[in-house]
Structures are given as structure tokens and as C-alpha cells.
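Chains, contacts and geometry: an overview
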Amino acid sequence: CRVRKGLLFRSGQLMNATPQDLDFLAHTLGVKTVIDLRTAFELEHMPDRMVPDASYVNMPVEDADNNMWLEMFQFPGETMHDQLLAFCRTERAKRMTEETYIGYVADEFCQLQYAAFFQKLLFIEGPVLWHCTQGKDRTGLASAFLLAILGADRKTIVEDFALTNVPYQPIVDALEVRLRASGGNDDDLRVIQAMEGVSVPYFEKALDYIDTIYGSMDNYLRNILVLTDKEKDILRHKYLES
């Protein structure tokens with residue numbers, strides 16, 4: 001089976017969307033619903049520009065502001081990347097990035113928000129766009145869960161998740177040059193990869209965590225995200241080609 005084209009879209013925040021971008025989303029893609037997975041702090045500092053005639057829903061995946069980024073902003077530096085290059089050398093940064101995806105999977109508030117996300121998909125009509133800030137971690141997990149619901153196997157889910165790095169890898173590579181020049185090591189680079197791109201190994205650890213703690217992805221979807229077989233069939237009917 002294939003996912004139907006033109007119905008499911010993921011992105012980063014829309015604060016920098018131009019009028020042309022918004023027109024494209026509204027009239028070329030026909031987006032009818034925007035689901036924003038960011039926290040109140042992020043909404044306040046990076047408010048979305050609204051897609052014309054689309055409904056907007058905020059479902060923050062995290063019951064607190066993103067402490068990993070907030071901690072990074074405490075480090076000295078003229079730019080965010082300067083701060084990241086300092087933060088990435090700390091043990092706390094290494095631990096936090098390694099545990100990010102498992103945290104989203106295991107946290108009860110996050111589970112409730114992802115469950116609400118899929119309940120929303122059950123009842124809305126037309127193309128939907130969901131996003132967080134960079135469209136990679138919280139958004140990426142939502143996409144991974146949706147692919148699992150639609151019947152994708154683990155290999156397909158991981159390969160799809162890895163594609164997230166395509167637009168972000170040039171940023172990571174440029175930061176690696178600066179990191180190596182200042183004596184940084186592979187452990188430091190893993191933090192940068194996780195924060196400016198995605199870490200596929202850390203994502204796979206979260207999938208392993210689901211299998212170990214909950215028994216399987218199917219059990220997680222049924223018992224934690226509270227999706228019945230009938231609801232999964234509805235989503236498959238809506239979003240898979242016949």
C-alpha cells in the first residue's frame with residue numbers, strides 16, 4: 001500500500017512563511033488544518049503565520065518548555081550556533097539528546113498529546129499539516145507513529161525518519177568543521193547531529209524501548225495511544241491508496 005498523496009504534510013514552524021508560502025499551502029496544497037506541536041514558550045516567541053482558511057490547533061508535545069534548548073541558551077556565544085558548540089561538550093547535553101525520543105515516548109503528557117493528535121486525524125477532512133519548531137523530533141515521531149498505524153514496517157519507518165536529515169545535514173556539516181577546529185570530538189558531534197538534525201540511532205533506541213517496555217509498536221498504539229482496530233482501519237481508509 002502507498003500513502004495517498006496530497007493529504008499529509010509535515011513542516012517546521014511557519015513564523016517565517018512568506019505570503020507566497022502561505023498561498024501555496026492554502027491554494028496549491030489545499031491545507032485545511034494546521035496542528036502545532038510546540039509549547040507556549042515557542043508559540044510566544046515564534047508565532048505561526050496563519051494559512052488562509054485553515055483551522056489551527058495547538059497540541060504541545062511536552063508539558064514544559066524545551067529544557068534542552070533553554071539550557072543551551074544559558075551558554076555564552078554571539079549566536080545560537082556559538083552556544084550550541086559550547087553546550088555540546090557537556091555531559092548533560094549528551095545525556096539529554098540521547099534520551100529525547102525515549103522521553104517523548106514514555107512521558108504520560110506526551111502520550112496524551114499524541115493520542116489527541118490521532119483522534120484529530122480521525123475526524124478532520126482534507127489535507128493536514130503538522131509541525132513543531134524544526135519539524136524533526138516531535139513532528140518526526142508523530143509521522144513515525146502514523147506510518148506504523150498505516151502498516152509500515154520498522155525498516156520503512158526508520159528510512160523515512162532518516163530523510164529528515166536531508167535539509168539539515170549541511171548545517172550539521174558546517175558546525176562539524178567548527179567543532180573539529182576547536183578540538184571537539186565524536187561525542188560532541190553526536191549532540192550537534194541530534195539538535196540540528198536528527199539522530200537515527202537515538203530514534204531506533206526509542207523504537208527498541210517501545211518493543212521492550214510495551215511489547216511491540218502495535219501494543220503501544222493500542223494501549224498507550226488508545227487506538228482501536230476500528231480507528232486504525234478508519235485512518236488507513238482515509239490515508240492509504242485503495
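Everything numeric here is computed off the predicted structure, so don't read it as measured data. (Residues numbered from 1 in each chain as written. Predicted model: local features only at pLDDT ≥ 70, side-chain atom pairs only at ≥ 80, totals over all residues. Heavy atoms only, no water.)

**Details of the environment of Gly184**
The topology assignment puts Gly184 in the loop between helix 9 (165-181) and helix 10 (186-196). Among the residues examined, Gly184 registers a relative accessible area of 12% and is labelled buried. Expressed as a C-alpha distance, the spacing of Gly184 and Leu235, which sit 51 residues apart in the sequence, is 46 Å. Once residues within four sequence positions are removed from consideration, Gly184 is found in contact with Arg89 and Leu179. (Helix = DSSP H or I, 4+ residues; strand = E, 2+ residues; numbered from the N terminus. Buried < 20%, exposed > 50% of the residue type's maximum accessible area, 1.4 Å probe, protein only. Contact = heavy atoms within 4.5 Å.)

**A look at the side chain of Lys136**
Relative to the elements of secondary structure, Lys136 occurs in the loop between strand 4 (128-131) and helix 7 (138-149). Among the polar contacts listed, one links the side chain of Lys136 to the backbone oxygen of Ala194, at a separation of 3.0 Å. In contact with Lys136, not counting residues within four places along its chain, are Arg10, Phe161, Thr164, Tyr168, Ala194, Met195, Glu196, Gly197 and Val198. (Polar contact = N/O pair within 3.5 Å; in protein donor to acceptor, adjacent residues only side chain to side chain.)

**Describing the pairing of strand 4**
Burial along strand 4 is two-sided: the residues Val128 and Trp130 and Leu129 and His131 are all buried. In terms of strand pairing, strand 1 (residues 8-11) meets strand 4 through four bridges, oriented parallel. Bridge pairing in strand 4 links Arg10 to Trp130. Pairing between strand 2 (residues 33-36) and strand 4: four bridges, direction parallel. (Pairing = 2+ DSSP bridges.)

**As for the packing of aromatic side chains**
Counted by the stated rule, this structure contains ten aromatic pairs. Here the aromatic rings of Tyr101 and Phe161 are separated by 5.6 Å at their centres, their planes lie at 90°, and the arrangement is edge-to-face. A residue pair is termed long-range when its members are at least 10 positions apart, and Tyr101 in helix 5 (residues 91-106) and Phe161 in helix 8 (residues 154-162) qualify at 60 residues. Here Tyr101 matches Phe161 in class, with each residue buried. Ring geometry for Phe117 and Trp130: centres 5.5 Å apart, planes at 70°, overall edge-to-face. With Phe117 in helix 6 (residues 108-123) and Trp130 in strand 4, this pair connects stretches of sequence that are 13 residues apart. Trp130 carries the same exposure label as Phe117, and that label is buried. Taken together, the aromatic side chains of Tyr114, Phe145, Tyr209, Tyr214 and Tyr220 make up a single cluster linked through ring pairs. (Phe/Tyr/Trp six-rings, centres within 6.5 Å; stacked < 30°, edge-to-face > 60°.)

**Thoughts on the sheet that holds strand 4**
Ordered in space as 1-4-2-3, the four strands form an open sheet in which the pairing is parallel. Here the strands that pair on one side only, and so sit at the sheet edges, are strand 1 and strand 3 (55-58). The sheet shows a mean angle of 20° between the axes of neighbouring strands, taken without regard to direction. Strand contacts of helix 6: strand 2, strand 3 and strand 4, with the helix running at about 175° to strand 2, the strand carrying the most contacts. (Axes fitted to C-alpha atoms, helices over the stretch in contact; angles between N-to-C directions.)

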